[in-house]
Every structure is written in structure tokens, then in C-alpha cells.
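# Observations on the model geometry
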Amino acid sequence: NTMSNKVPKEYQVSLFNCDEYLINGELNKWKGNTTPVYSSIILEDKNGNENKTLLGSIPDMETESAIEALNAAKNAFNRGQGYWPTLKVGERLKCMEKFVEKMKASREEVVKLLMWEICKNKTDSYKEFDRTVDYINDTIDAYKTLDRKSAKFDKEGGIHAHIRRGPLGIVLCLGPYNYPLNETFCLLIPAIIMGNTAIFKPAKHGVLLIAPLLKAFKESFPPGVVNILFGRGRKIATPIMQTGFIDVLALIGHSSSAVSLQDEHPNKNRLRLVLGLEAKNPGIILPDADLDHTVKECISGTLSYNGQRCTALKVLYVHESIVDEFNKKFANAVDNLKYGLPWEDTFLTPLPEPSKPTYIKELINDAVEKGAKVLNKKGGKLSSNYSFPAVLYPVDNSMKVYHEEQFGPVVPIISYKDINEPLDAMAASEYGQQVSLFGKDVKKLGPLIDSLANLVCRVNLNSACQRGPDVYPFTGRKNSAVSTLSVYDALRSFSIRTFVASKDNPYNNNILEKLLNSNESNFINTDYLL
């Protein structure tokens, strides 16, 4: 399926060579090596040859610049004495409000790059941008609420206490390719709003779309608060961790990268972790589930954005009494899905990682060799940038696709007789993020929900797994997450409770009153943020 070069005018992109990076409030020009950025979208040139589309380039930065960025973040935090960590909350919020206004101006450009760089369809690309803007605004509101609760003194056991949440220090922030704007900002925004300083490196794919926002960061925040680098993890993230100066590792990605970065840090107890990692969320389909509704939700759960979501349904357990009927309806629904270009807004779009189609094909071949069948007619049809979704059945634990998080368009189905089969598999799994449970008999659902709630962190009743709405807790057990990311919880994940205590006597009380009336301390104040 070759794609002609008839790209509608409004979605055409011109070559974008990003040669700037942000350190210490300065947009520096990069003069060293660069890395080309290609889209996996294939277009025909004038001579009818098929080519991947060159979108531009990014700096391939060196360790030296990484250490420079670390020093900028370190100086801006300045052992907690810096301008940013000691600033009044209201002033930090003004910077964030300024940023979100400037960010909005880049909407069309960022959305276009989301479509080209990571092949996310048009609707979801706009949704990602708008949801991120909402997330920032919700975070500002949540911090106001948090701060209002701190605008007072407590008294217990003859001791006055003024309790606030304070920053942790320097944050290294690494985002994923599948939500390169939203997931990254869900780390970066709460981190800096709480008074931390940050070094941020975008993922390998979905990197150019950060470039239009560099200027907004520069103009909205004091020098050194946000430092943005481009390049490879081993030249940038690894040496930064080795210095031992990072206080928080904030990463959404794979547990293997999280572990290898922690291993580089010489002082483990200093390092706080905010991690969103992989999952193998199951769908469990009970005998009385409404099949048409279940198929619809399972299509969305398994194959939205081609299954490249940590919250995707990555295995379906179907009761043996209905498995044949379910499989027929599901395989049929998969074959009816439309594949095309992101701006055509089809459900299925090309895969952004060049090696992914081959990997998916290997998973299919391995399962077929071990006794699974591809149930849908188009399953596993390969092109240079896509593997059509394959529905595999029956799947068992001898197969790679049973164990590995496929992160792509392949759906393993397992039939079960006894509900303990999926429960045992979940208990044995390294992951524990979410589950989707389909059925209606409350006698069955009740006890099952009680078990599932202790195996994962979100039980989705008759609906696909997802992250949002962002005010709800987003976390996981075992290898799936550390800390909780939601508007409310992220502010807590990136801060620590800290307080001033003073024995209740006339001498101290007099000093406290003077402090409160003097504006000498930003910490001791009872200003109420409206």
C-alpha cells in the first residue's frame, strides 16, 4: 500500500532542522553532530520511488552539554536557596500561566509534527495537545488548593507548626515516544511548579515537536529552571545520573531503562523515583458479558494507536463457553478496521519505530509455530512500516507473546474454564497496572472486583483501560509504576512535607507574629491564593 505524495496542503511539513537547545535560560546554537529525524510514513517521489520522509534533524548532544545543563539546574536550585525554590507559590503559578498561553500558539505546528513523527491519527493528536493544556491548567488549580490548606498554623502538644510542601531538588525528566507531549509534561509541569529545577530530554521519536516550545520555556521561567537537551540517553542521561546530584528520576518508559539509570546513581537513598512503566493489562470476559459491547471496547483497548499504549489491553481472557462466538465477532471487527495516513484520521496508522513490524511478525510466527492460529484474514500482513493487527488463538505460556509486552498490533486470546486461571496469571505477572472486566452478574463481579483491586490499581468495568481523566490516580503495582501521576498526586510525588515548628511561648509567638507581618519569609506566610 504505497502512499502517494498527494499530502493535503494543510498537513504538509517543511524541513525543520532544530539546532537549538535550552540551558540556563539561553537558547544556544548547536554546532556539533546532528541526527536526522525521519517519519515512517512513505511517500512516492517524482520518479515513483518510495521513500521515508525526512522531517528534519536534532542535535546529537555530547556529555559536556549534559553536565552544563546539570550545573544550570543545580545553580538555579542552589541548595534550596535559589530564586525559584524560594519564590512565593503565586509567583511560580504566574510563570506557568504565561507558559501555557505561549504554548497554545504552537498547537497546529505541534499537532502536525505528532502526526508525522509518531503517526498518531489527527483526532488523537489534537486530543493529546488539548489534554496537555487542560492538565497544566488543572495542575495550577490543584496547587492553589494545596497551598490554601497550608496558609495556617497547627498546634499540637504545645508546639505550633506551619506545614508546607517543599521541592525535592533537581529532576531528570525522560518522556516516552507514544505520548511525547502529554506524558512528558505530566512529569515536567508538576516537577517545576513545586519549585524543583529540571533537565529534560525528549524520547527518540516525537522529538521535533518539542522544538516549537523551546522559546516558550525560555520566556516563561527563570534561567536554569528548565533545561532541554536532545540526543542519546547514554551520552546525556547516564553521565548526569553518575554525578549523584539528581534528586528525582522522573521517567515514563521501560523498566529496564529505569533500572539501568538508577544503577548509575551513586547515592540510592537520595534518589526519589517517579516512574510510569510497562504493563500487560488483561481483559477478562465473563460468560454473561454483552458481546457486541465487549468487542467494541476490546477493539479500542487492544488497538487504539496500534496498541502502543502502556494502558492497552495486551491479552484477552475469554470464558470457554463464549470464546468461539467472541473470536468470530472480534476477528471480523479487526479486519474491518481502516488503515491509512494520520490526517485521514483512520483508526490504524503506520508504526513509528522502524524495527516494530519485524518484531510483531516474529511474535506472530513464534505463536503460530507453537500452536496458535491467526484468526483474522488480514492478520500479520506486512508492509515496510506496518503489520496488520493479528488476532492469535489459542495462546499459552510457551509463546513469547504471552510473556512480552508487545506494544503493537497483535492480540493474544486465551480461553479459561475457571476464573482462577486469569487471576493466577495476573498474580504471577511482573506487572500490575489495570484490568478490564466484562460481565453483569453482580454475584460474580463483586468478589472478583475485590480480588482484582489488590492485583492492579484500576479495575475498568465493561470498558477499556485508559489513563484519564487526569484527576484520577494513574499508577501501578510491581514493575508497572513507582509513585502516582494524577493532577493531585503528582504535586505530592515531586515534593516533600516540610515545616517550621515553634514551642508555644510568648517569646516565640512574638517572633512568629513579626515574621508573618514582615514579608521577610516566603515560607512563613498565610497569604490565601484566590
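In the block above lies the structure referred to throughout.
What comes next concerns the included structure.

Rules used in this analysis
Residues numbered from 1 in each chain as written. Predicted model: local features only at pLDDT ≥ 70, side-chain atom pairs only at ≥ 80, totals over all residues. Heavy atoms only, no water. Patch = residues over 30% accessible without salt bridge, like charges linked within 9 Å, V, L, I, M, F, W, Y side chains within 5 Å. Areas by Shrake-Rupley, 256 points an atom, 1.4 Å probe, with all protein chains shown as cover. Salt bridge = Lys/Arg side-chain N within 4 Å of Asp/Glu carboxyl O. Helix = DSSP H or I, 4+ residues; strand = E, 2+ residues; numbered from the N terminus. Buried < 20%, exposed > 50% of the residue type's maximum accessible area, 1.4 Å probe, protein only. Polar contact = N/O pair within 3.5 Å; in protein donor to acceptor, adjacent residues only side chain to side chain. Contact = heavy atoms within 4.5 Å. Pairing = 2+ DSSP bridges. Axes fitted to C-alpha atoms, helices over the stretch in contact; angles between N-to-C directions.

This part is about a nonpolar patch on the surface. A contiguous nonpolar surface patch, about 310 Å² in accessible area, is contributed by Leu 15, Tyr 38 and Leu 54. Structurally, Tyr 38 is set in strand β4 (residues 34-44). Look at Tyr 38 and you get partly exposed, because its relative accessible area is 47%.

Turning our attention to the side chain of Thr 294. When you line up the elements, Thr 294 lands in helix α10 (residues 291-303). Overall, the relative accessible area of 0% leaves Thr 294 in the buried class. A polar atom in the side chain of Thr 294 sits 2.7 Å from the backbone oxygen of Asp 290. Residues contacting Thr 294, with those up to four places away along its chain left out, are Ile 285, Ala 289, Phe 326 and Phe 438.

Our focus in this paragraph is the sheet that holds strand β1 (residues 16-17). Here three strands make up an open sheet; going across it, the order is β1-β5-β4 and the pairing mixed. Two strands close off the open sheet at either side, each with one partner strand: β1 and β4. One ladder, built from two bridges, connects β1 with strand β5 (residues 50-59); its direction is parallel. Opposite Phe 16, over in β5, you have Gly 56 as the bridge partner. Packed on one face of the sheet, helix α4 (residues 107-118) meets β1, β4 and β5 and runs near 75° to β4.

With respect to burial, strand β19 (residues 410-416) is a largely interior element, six of its seven residues being buried. Note that strand β14 (residues 313-319) and β19 share four bridges and pair parallel. Among the inter-strand pairings, Leu 316 is bridged to a residue of β19, identified as Ile 413. Where strand β18 (residues 390-393) lies against β19, three bridges are found, and the strand directions are parallel. Of the residues in β19, the one forming a bridge with Val 391 is Val 411.

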